[in-house]
Amino acid sequence: MINITDSAAERLKEMLEQQETPNMFLRLGVTPGGCTGFSYAMGFDDNETDQDIYMNVQDMKVVVEKDSIRYLDGLEIDFEESGMSGGFTIHNPNAVATCGCGSSFRTATDAGKPNEEPC
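Residues numbered from 1 in each chain as written. Predicted model: local features only at pLDDT ≥ 70, side-chain atom pairs only at ≥ 80, totals over all residues. Heavy atoms only, no water.

Draft legend 1. Molecular detail of the packing of aromatic side chains. Tallied over the full model, the rule gives 2 aromatic pairs. Each ring, one from Phe 38 and one from Tyr 71, has its centre 4.6 Å from the other, and the planes form 40°; the classification is tilted. Of this pair, Phe 38 sits in strand S3 (residues 37–45) while Tyr 71 sits in helix H2 (residues 69–72), and the two are 33 residues apart along the sequence. For the pair Phe 38 and Tyr 71, a shared accessibility class is recorded, and that class is buried. (Phe/Tyr/Trp six-rings, centres within 6.5 Å; stacked < 30°, edge-to-face > 60°. Helix = DSSP H or I, 4+ residues; strand = E, 2+ residues; numbered from the N terminus. Buried < 20%, exposed > 50% of the residue type's maximum accessible area, 1.4 Å probe, protein only.)

Okay, structure coming up:
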């Protein structure tokens, strides 16, 4: 299960409304890389495959590739305002280590493939 806070859902819905392509949904995933081993992927998509798991979170269609769901189960996406800026934050209970910028992680059972370059 993936959780999206009210503030993140509000921001994501606003962003989805601005998309010019109909039937867009939120796609979440994990790719090897980042300074800790895995990087998060989050964006809008309209291309569905048979490798996807679909869920409804906060009245939004959220899609996760089957290979990524084990890394994202229990994930929480939040949106935080900070002064004149704001951004999405990810809280992942599966992560045992994260990088300083919070965009990559590793789990207790899988270290992924860290990049040589820092974030």
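What follows picks up the thread again.
Draft legend 2. Expanded view of the environment of Asp 78. Turning to its location among the elements, Asp 78 is positioned in strand S6 (residues 76–82). For Asp 78, a relative accessible area of 15% corresponds to the buried category. Separated by 76 residues in sequence, Asp 78 and Ile 2 have C-alpha atoms that sit 11 Å apart. Apart from residues lying up to four places away in sequence, Asp 78 is in contact with Thr 5, Ser 7, Ala 8, Gly 87, Phe 88, Thr 89 and His 91. (Contact = heavy atoms within 4.5 Å.)

Draft legend 3. Spotlight on the pairing of strand S9 (residues 104–107). Bridging between S3 and S9 involves 2 bridges; their strand directions are antiparallel. Paired with Ser 39 across the two strands is Ser 104, which belongs to S9. Note that strand S8 (residues 95–98) and S9 share 3 bridges and pair antiparallel. By the bridge assignment for S9, Thr 98 is matched with Phe 105. (Pairing = 2+ DSSP bridges.)

Draft legend 4. Up close: the sheet that holds S8. Read across the open sheet, the 6 strands follow the order S4-S5-S2-S3-S9-S8; overall the sheet is mixed. Bordering the open sheet on either side are strand S4 (52–57) and S8, each of which pairs with just one other strand. Geometrically, the sheet is characterised by an average inter-axis angle of 35° between neighbouring strands, direction not taken into account. Bridge count for strand S2 (residues 25–33) against S3 is 9 bridges, and the pairing is antiparallel. Bridge assignment links Gly 33 to a residue of S3, and that residue is Gly 37. (Axes fitted to C-alpha atoms, helices over the stretch in contact; angles between N-to-C directions.)

Draft legend 5. Representation of the sheet that holds S6 within the structure. Taken together, the 3 strands give an open sheet; going across it, the order is S1-S6-S7, and neighbouring strands pair in mixed fashion. The open sheet is flanked by strand S1 (3–4) and strand S7 (85–91), the only strands paired with a single partner. Bridge count between S1 and S6: 2 bridges; the pairing is parallel. Each residue of the ladder has a partner; that of Asn 3, found in S6, is Glu 76. Of the strands in this sheet, S1, S6 and S7 are in contact with helix H1 (residues 6–17), which crosses S6 at around 85°.

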